[in-house]
Amino acid sequence: MQSLKDKIVQEGKVLSKDVLKVDSFLNHQIDPQLMKEMGQEFARLFAEEGITKILTIESSGIAPSVMTALELNVPAVFARKRQSLTLTEDLLTAEVYSFTKQQSNRIAVARQFLSKKDRVLIMDDFLANGQAALGLLDIAEQAGVYVAGIGIVIEKAFQDGGRLLREKNVRVESLVRVQSLKNGQVIFAEEATV
Ligand code: G4P
């Protein structure tokens, strides 16, 4: 997605050979116009899949998911990472290990928001080691839904997540794939994703 690449080049900051900071439009401040375009692009990519629900994880997965949900006219549900006073229903949970933070988090979705009839699109902002997406896949499996695919805003192709997910024969579509962040420079991979 060219407008997203342009934005990354203009505003992204390479913090290390592994980490790209995009706080000005994705992870802290949000660019609604760009977010809307992302939603349209995900909706176009998965138009034939009969998606009935989007499943993401708080917090940065929510904005692109909501815009995609709006385009597809379906609800978006986000897995919670923290205990919530109101999250008292029957829960589906999964453990998500973050290599970056070296800690494991339990994520949870109320069972009532996923039905066996759902055709789910899993989404997230970054794909790094794939642990968040694997946790969401685990929850989708427990709910017995059909997973139509995984939509990612920025995939870091030099980390393992993309391979791990595609090995499971899940369709993964990333709007942008970053091949390398070496020498403070963002190098994009080919746009083809599958
Ligand atoms: P994984 O799920 O792919 O295994 O990711 P990992 O544990 O490595 O990442 C932990 C957190 O860091 C996730 O967000 C992930 O989106 C984010 N992240 C990973 N690589 C990058 C990067 O290069 N740039 C930025 N900006 N973020 C990255 P989180 O802690 O759950 O945060 P949030 O969703 O609440 O914002």
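All of the points below concern the structure found in this document. Keep in mind that what you see is a predicted model, and the values were worked out from it rather than measured.

Burial of nonpolar side chains together is a common tendency in soluble globular proteins. If you look at the biggest cluster of nonpolar residues, it comprises 29 residues, and the most contacted ones within it are Leu4, Ile8, Leu26, Met38 and Ile154. Looking at this core, the elements that each hand over two or more residues are helix 1 (2–11), helix 2 (23–27), helix 3 (32–45), helix 4 (62–72), strand 7 (119–127), strand 8 (146–156) and strand 9 (172–180). The element contributing the most residues to this core is helix 3, with five residues. For Leu26, the residues in contact, after removing those within four places along its chain, are Met35, Ser60, Asp125, Phe126, Val153 and Ile154. Residues Ile57, Leu114, Leu127 and Ile150 belong to the second largest nonpolar core, which totals 25 residues.

Now for the sheet that holds strand 7. Ordered in space as 4-3-7-8-9-10, the six strands form an open sheet in which the pairing is mixed. Strand pairing shows two members of the sheet lacking a second neighbour, strand 4 (76–79) and strand 10 (187–188), which therefore form its edges. Bridge analysis of strand 3 (residues 53–57) against strand 4 gives four bridges, and the strand direction is parallel. From the neighbouring strand, Leu55 faces strand 4, where its bridge partner is Val77. Packing against the sheet, helix 1 makes contact with strand 8, strand 9 and strand 10, and its axis sits at approximately 35 degrees to strand 9. Each of strand 7, strand 8 and strand 9 touches helix 3; the most contacted strand, strand 9, lies at about 120 degrees to it.

Moving on, we get to unusual backbone geometry. For residues other than glycine, phi is negative in most cases, and the peptide bonds are mostly trans. The omega angle of the peptide bond from Glu58 to Ser59 is -5 degrees, so this bond is cis rather than trans. Relative to the elements of secondary structure, Ser59 occurs in the loop between strand 3 and helix 4. Its identity is not glycine, yet Asn73 carries a phi of approximately 60 degrees, on the positive side. Phi is positive for Asn183, close to 55 degrees, though the residue is something other than glycine. Following the sequence through the fold, Asn183 ends up in the loop between strand 9 and strand 10. Using a relative accessible area of 79% as the deciding quantity, one classes Asn183 as exposed.

This brings us to the pattern of salt bridges. Pairing between side chains of opposite charge can happen when their charged atoms approach one another. Summed over all chains, the structure comprises 14 salt bridges. A salt bridge links Lys7 to Asp31, with the shortest nitrogen-to-oxygen separation between them at 3.0 Å. Of this pair, Lys7 sits in helix 1 while Asp31 sits in the loop between helix 2 and helix 3, placing them 24 residues apart in sequence. Each member of the pair, Lys7 together with Asp31, is buried. By sharing partners, the salt bridges in this structure join Glu49, Arg119, Arg171 and Glu173 into a single network.

The next subject is helix 1. Among the residues of helix 1, those classed as buried are Leu4, Lys5, Lys7 and Ile8. All buried residues of helix 1 lie within an arc of 160 degrees about the axis, which places them on one face of the element. When the buried face of helix 1 is taken as reference, the exposed residues oriented beyond 90 degrees from it are Val9 and Gln10. Close packing links the buried residues of helix 1 with strand 2 (20–21), helix 2, helix 3, strand 8, strand 9 and strand 10.

So, on to the packing of aromatic side chains. One pass over the structure, following the stated rule, counts zero aromatic pairs. Here the guanidinium or amino end of Arg171 rests over the ring plane of Phe46, the centre of that ring lying 4.4 Å away.

Definitions and limits used
- Residues numbered from 1 in each chain as written.
- Predicted model: local features only at pLDDT ≥ 70, side-chain atom pairs only at ≥ 80, totals over all residues.
- Heavy atoms only, no water.
- Core = buried A, V, L, I, M, F, W, Y, C linked by side-chain atoms within 4.5 Å.
- Buried < 20%, exposed > 50% of the residue type's maximum accessible area, 1.4 Å probe, protein only.
- Helix = DSSP H or I, 4+ residues; strand = E, 2+ residues; numbered from the N terminus.
- Contact = heavy atoms within 4.5 Å.
- Pairing = 2+ DSSP bridges.
- Axes fitted to C-alpha atoms, helices over the stretch in contact; angles between N-to-C directions.
- Salt bridge = Lys/Arg side-chain N within 4 Å of Asp/Glu carboxyl O.
- Arc of directions from axis to C-beta.
- Phe/Tyr/Trp six-rings, centres within 6.5 Å; stacked < 30°, edge-to-face > 60°.
- Lys NZ or Arg CZ within 6 Å of the ring centre and 35° of its normal.

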